[in-house]
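Structure at a glance
The chain contents come next:
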Amino acid sequence: MDLDDLDPKRMPRHVACVMDGNGRWAKKRGLPRTEGHRAGEEALFETAKAAVELGIEWLTVYAFSTENWRRPHDEVRFLINVIADDLLTRRRDQLHELGVRIRFAGRRDWRVPKWVLRRMDETAQLTRHNKATTVTVAFNYGGRAEIVDAVRGLVAEGARPDQVDERALRRHMYLPDMPDPDLFIRTSGEYRISNFLLWEIAYSELVFLDVLWPDFRGEHLREAVREYQRRERRFGLTGEQHGEALPG
Ligand code: FPP
C-alpha cells in the first residue's frame, strides 16, 4: 500500500480497534445480526492485511467481550461456532501466509469451549515466528477482568505491598511484552471505551470514526492514522518539554 500522505517515521506502532456496528449494518440491510458479524469478520481480515501493508507492528481487536455472553444465545453460538471457527481455520491460514503472528488475550475460563482454546493455542503456535504484524484477538476479554487477573497473579506469587507497582502489575497482564497502543479506534460513531484495554490505553490517542465496522477497510485505517499523525502526544509533559525530549 502506498503511504503517500502518511509520514512513515510517525506510524503508530500499535493500533487497537473496537469493531462496533455489525448489528446496525445488518439491520440497515434487513439482514439478521449474524450476517453483520460475518461481514465484520471479512472487515477484520481486510484490516489485518492493510496493517501489514502499512507496516503497523501490532494490531489488537476486540472480538468478544466478557459481557458478550449475555447476548441472545443464537448470536453467541454463531459468533463462536461460525465466526471463531472461520478465524481459526481458513483465516488463520491466509494470515499465516501474509506473515501475521496471531495471538489471543482474554480469560481462559469454562465459558470458552475447549475446542476453541485448543485451536487458539494451535494458531498461536503455528504463527509464532511470523515477522509481519502481530494481530492480537481479544476474546472473552474485559479490561477490568485483566487488571483483576493481574492482581490475582501478584497475590498468588506472595507480593508484599511495597512490591506492588506499575511494573509488577504489568508483568501479570495477559500479554506483558505487548507495547501500549498508540492509537485506539472505535467505529460506528459511538464514543466509549467499553472495557477494552483499560490499563494499556492510558496515553493512547482516541479516534472515533462514523463508519460501521463491516464497511471498515484499509482506507479507514489510513484515515485514523492520518488523524493520529495530526495530534501532538505529550505523555504528561508540556509541549516545549516534549519537543526537547524528542530525538533529532
Ligand atoms: C460489535 O457490533 C461487534 C461484536 C460484538 C463482535 C465483533 C466481532 C467481529 C467483527 C468478528 C470477529 C469475531 C470473533 C468472535 C472471532 P455489535 O453487534 O455490537 O453492533 P451494534 O452495536 O450495531 O448492535
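Above this text is the structure in question.
The following paragraphs examine the structure supplied in this document. (Residues numbered from 1 in each chain as written. Predicted model: local features only at pLDDT ≥ 70, side-chain atom pairs only at ≥ 80, totals over all residues. Heavy atoms only, no water.)

1. Topic: the overall build of the protein chain
Within the protein chain, the secondary structure is distributed over nine helices and six strands. Against the globule reference of 18 Å for 248 residues, the protein chain gives a C-alpha radius of gyration of 18 Å, in line with a compact fold. On the principal axes, the C-alpha backbone points of the protein chain span a range of 55 × 50 × 35 Å. Counting contacts in the protein chain only where the partners sit at least 6 residues apart, residues at least 24 apart contribute 77% of the total. Approximately 13,000 Å² of the protein chain is accessible, and the part contributed by carbon and sulfur atoms is 50%. A gap of 4 Å separates the mean positions of the 41 positive and 41 negative side-chain charges of the protein chain. (Helix = DSSP H or I, 4+ residues; strand = E, 2+ residues; numbered from the N terminus. Rg over C-alpha atoms; globule rule 2.2 N^0.38 Å. Contact = heavy atoms within 4.5 Å. Areas by Shrake-Rupley, 256 points an atom, 1.4 Å probe, with all protein chains shown as cover. Lys, Arg positive; Asp, Glu negative; His and termini not counted. Charge placed at Lys NZ, Arg CZ, Asp CG, Glu CD.)

2. Things to note about the environment of A105
Checked against the element boundaries, A105 lands in strand β3 (residues 101-105). Between the alpha carbons of A105 and E146 there is a distance of 9.1 Å; along the sequence they are 41 residues apart. A105 has contacts with T136, V137, A138, F139, Y141, Y174 and L175, leaving out every residue within four places of it along the chain.

3. Examining the pattern of salt bridges
Scanning the entire structure with this criterion turns up 28 salt bridges. In this structure, R92 and D93 form a salt bridge, with 3.2 Å as the shortest nitrogen-oxygen distance. Look at D93 and you get partly exposed, because its relative accessible area is 36%. (Salt bridge = Lys/Arg side-chain N within 4 Å of Asp/Glu carboxyl O. Buried < 20%, exposed > 50% of the residue type's maximum accessible area, 1.4 Å probe, protein only.)

4. Digging into unusual backbone geometry
One non-glycine residue with positive phi stands out, namely N140, at about 55°. With respect to the helices, strands and loops of the structure, N140 is situated in strand β4 (residues 134-141). Residue N140 is classed as buried on the basis of its relative accessible area, which comes to 0%. Its identity is not glycine, yet S188 carries a phi of approximately 80°, on the positive side.

5. Concerning the pairing of strand β1 (residues 14-18)
Side-chain direction in a regular strand flips from residue to residue, so the side chains alternate between the two faces of the sheet. Within β1, five of the five residues are buried, which leaves the element mostly enclosed by the surrounding structure. Strand direction decides the pairing type here: β1 and strand β2 (residues 58-65), joined by five bridges, are parallel. Bridge pairing in β2 places H14 opposite W58. (Pairing = 2+ DSSP bridges.)

6. Quick word on the nonpolar core
In this structure, I56, L183, I185 and L221 are the most contacted members of the largest nonpolar core, which totals 46 residues. In contact with L183, other than residues within four places in its own chain, are P12, H14, V15, A16, E205, V207, A224, V225 and Y228. V18, Y62, A138 and I201 belong to the second largest nonpolar core, which has 13 residues in total. (Core = buried A, V, L, I, M, F, W, Y, C linked by side-chain atoms within 4.5 Å.)

7. Overview of the site of the ligand
The full set close to the ligand counts 17 residues, and D20, G23, R24, R33 and R71 are the nearest of them. Between G21 and the ligand, the recorded distance is 3.4 Å, taken from a backbone N or O atom to an oxygen atom. In isolation the ligand offers 630 Å² of accessible surface; the protein chains occlude 91% of this area. Looking at the shell around the ligand, the elements that each hand over two or more residues are α1 (22-28), α2 (33-54) and α3 (73-87). (Near = heavy atom within 4 Å. Polar contact = N/O pair within 3.5 Å; in protein donor to acceptor, adjacent residues only side chain to side chain.)

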